[in-house]
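These are the residues of each chain, in order.
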Amino acid sequence: MSVFALCFQFIETMTSSLQQIMASTGNGLDYDKEQELKTFDDTKAGVKGLVDSGIQSVPKFFVASSEETCNEKSDLRHTHFNVPIIDLRDIDKDGARCEIVKEIGIASSTWGFFQVVNHDIPQDITDEVIESIRRFNEQPNHVKEKFYSRDKMKKVRFNSNFDLYKARFANWRDTLSCLMAPNPPPPEEYPEACREILLKFSKYVTKLGQDLFKLLSEALGLNSNHLTNMGCADGHVFYCHYYPACPEPNLTLGHTKHRDPDFLTILLQNQIGGLQVLHDNHWVNIPPVEGALVVNVGELLQVISNDKFKAAEHRVLANCAGPRLSVACFFTTHFEPSEKLFSPIEELLSDDSPPLYRGTTVKGYIDFFASAGLPAYSSLTRLRESNYELIRWKTNLVSILSLHGGGVRGIIPGTILAFWESQLQASLSWHDVVTNGVKSKWGNYGRPVYQSVDGFIQWTLTDVIIPTFDIRLLQPISFSTLKAKRNASKVSWLSDNCIGTSAAPYYMPPYYFELHASTGTKKFNLVDGVVAANIPTVLAICEVKREISQNKGSPCLNSIDFSKFLVFFLGTGSSKRDEKLETDGLKYTEASADHPMKDNRENLEKIGKDLMKKPVSAVNWETGLYEPMEERGTYKDALCELAERLSEERRFRRKYM
Ligand SMILES: O=C(O)CCC(=O)C(=O)O
Ligand SMILES: [Fe+2]
């Protein structure tokens, strides 16, 4: 059978699914995105399959928000911006090398991007690489589809949009990825259309990568072999992109904005154009230059260079001309199950330049990146924020705000927190950890901590712990910012956590939701965590202890000193045994959790206000009764003192950082 006959047959068999996808370009109310994506994915023909079928408009799941596609930032006044082009011809001549090192250093710290010419990779090799990727994509689908897979562990795989089911919108692009080193698959596993030339290109790129890592090491003031000795050049993967011509290029993108989660990328592109880098808040074109290769700093190099080099955001526009072809060579070793940690290079650290990131394994980093669709919450931010903790745990104080009890009685502690915020101008986020933050819609708890419940738990202004209890599994489950920052499978929606912890048994039904992580789907049936974690402060102390012991290099590593903990425990209980700010003698109605009438609400607010005027009391362990400690003044005085202490601690940390 001829190639044409095969193509024809393929188009015939796909007609019905493609017609379905084409029909979905409208705005029908019955639009089922998940189903549309699946239908598209099942064709295994990618975006090119859609184009071949004669599609005249972009299916809805490719349509990006105008904010995402807008070109506003590529302001005409800034057309003088140009990504540096660096000539490597005289790399072995002393004086010239010095200049090259300087140029590379400046480009990597300001742009994060540059182009190189005279790089020693012959033009006929790069031309043939591009041609082979065209060949692969333009062969009949029955050949290509054998490589179609979403299995991340496959060393050779073809698919359209690695994040198809997670991304906010799909990109106008198909990609063949090939692991080239270390431990490549047997050669026959690469597609025949590009096997030979990719293997050849890989040798040239390895050499160019090693040269660039040497120049980059020198630019950092390190020994030339520093970055290669760390293992930055130990592995590379080719991402071979095919961007078909797009009928409505303004509605979508070829590649959503992102930073590369590797050490370094060397990119070969054909002459179509569309690659842009965000520089100085402007999208700047990186035009194809005859014989040039684009080089860009990856996030892992930003981490180990402690921000001396910057990984810049970039994207690819869709284009009515096409196909655009590119091969991005990622220097990464994420296929290797190594525990090796990459953290800021010691030689680059000083008092003025403290470490900005916690260490990470390459695999851990990439897994976090891949677990969210683009544009993703940056893995870099996660490591950087964690570093704040790294310094935080070295300081003198760990402050925990523990909120306890709920229902309408939450108005009592709510009144006290309102005083904390409005009168003392203090923020709840000054505490290192807040547990059990949203017990009551009456209590106004935690608003400043959550900012909004419309986000992930790791986005809170300070770390929170939300204890819940799963009534199907019969086990406590606590959601925590620290856990989510460490482990992508613990990421969850704050709103789900909040509803879960609010589902007080007997008052409300358990709350059901699902979490889709790369490790599988988890199902939750949650009620209020008080069932198991009666005093959530203990959970907070345990988490902080774990955090301290995981922060290698912390002086507190082996000596967890409980005198560091400052706990502000605010409860609503009616029992005399309850802690500090408890008011004795709540009447039956006042102590009830579900008496929301106006008069009771006002009364509870008054109880909160009156409480602040009372003298600070402590339990007399002989009698079990609360007795005033005259020398401590009122609770209001104690709150002022606490706010002052936390504010001082914040000033100290700011200076330390
Ligand atoms: O195709 C391009 O020019 C860019 C590709 C890219 O940014 C990537 O693969 O990370
Ligand atoms: Fe990229």
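Residues numbered from 1 in each chain as written. Chains lettered and ligands numbered in written order. Predicted model: local features only at pLDDT ≥ 70, side-chain atom pairs only at ≥ 80, totals over all residues. Heavy atoms only, no water.

Engineer: How would you sum up the environment of Arg89? Please name residues and give values.
Structural biologist: Here Arg89 shows up in the loop between strand E1 (85–87) and helix H5 (94–110). Given the relative accessible area of 57%, Arg89 is considered exposed. Residues Arg89 and Asn118, 29 residues apart in the sequence, show an inter-C-alpha distance of 5.2 Å. (Helix = DSSP H or I, 4+ residues; strand = E, 2+ residues; numbered from the N terminus. Buried < 20%, exposed > 50% of the residue type's maximum accessible area, 1.4 Å probe, protein only.)

Engineer: If you had to explain the pairing of strand E15 (residues 463–470) to someone new, which residues and values would you point to?
Structural biologist: The buried count for E15 comes to eight of eight residues, which makes it a mostly enclosed element. Because side chains alternate across E15, one face comprises the buried residues Asp463, Ile465, Pro467 and Phe469, and the other comprises Val464, Ile466, Thr468 and Asp470, equally buried. Looking at chain direction, strand E14 (residues 433–435) and E15 are connected through three bridges and run parallel. Residue pairing in the sheet places Val433 in a bridge with Asp463 of E15. Of the pairings in the sheet, the one linking E15 to strand E16 (residues 475–480) comprises six bridges and is antiparallel in character. Looking at the pairing, Asp470 lines up with Gln475 of E16. Counting the residues between successive antiparallel strands, the hairpin from E15 to E16 contains four residues, one of them, Leu474, with a positive phi of roughly 55°. Where E15 lies against strand E18 (residues 520–528), three bridges are found, and the strand directions are antiparallel. Across the sheet, residue Asp470 finds its bridge partner in E18, namely Leu526. (Pairing = 2+ DSSP bridges.)

Engineer: Please provide a residue-by-residue account of the packing of aromatic side chains, values included.
Structural biologist: A full pass over the atoms with the stated rule returns 16 aromatic pairs. Both rings, one in Phe40 and one in Phe62, keep their centres 5.7 Å apart while their planes meet at 85°; by these two values the pair is edge-to-face. Taken together, the positions of Phe40 in helix H2 (residues 33–43) and Phe62 in the loop between helix H3 (46–52) and helix H4 (66–69) put the pair 22 residues apart, joining distant regions of the chain. The pair formed by Phe40 and Phe62 is uniform in burial state, with each residue classed as buried. Between Tyr148 and Phe158, the ring centres sit 5.7 Å apart and the planes meet at 80°, which makes this aromatic pair edge-to-face. (Phe/Tyr/Trp six-rings, centres within 6.5 Å; stacked < 30°, edge-to-face > 60°.)

Interpretation note: all reported values are geometric properties and have no functional meaning in isolation.
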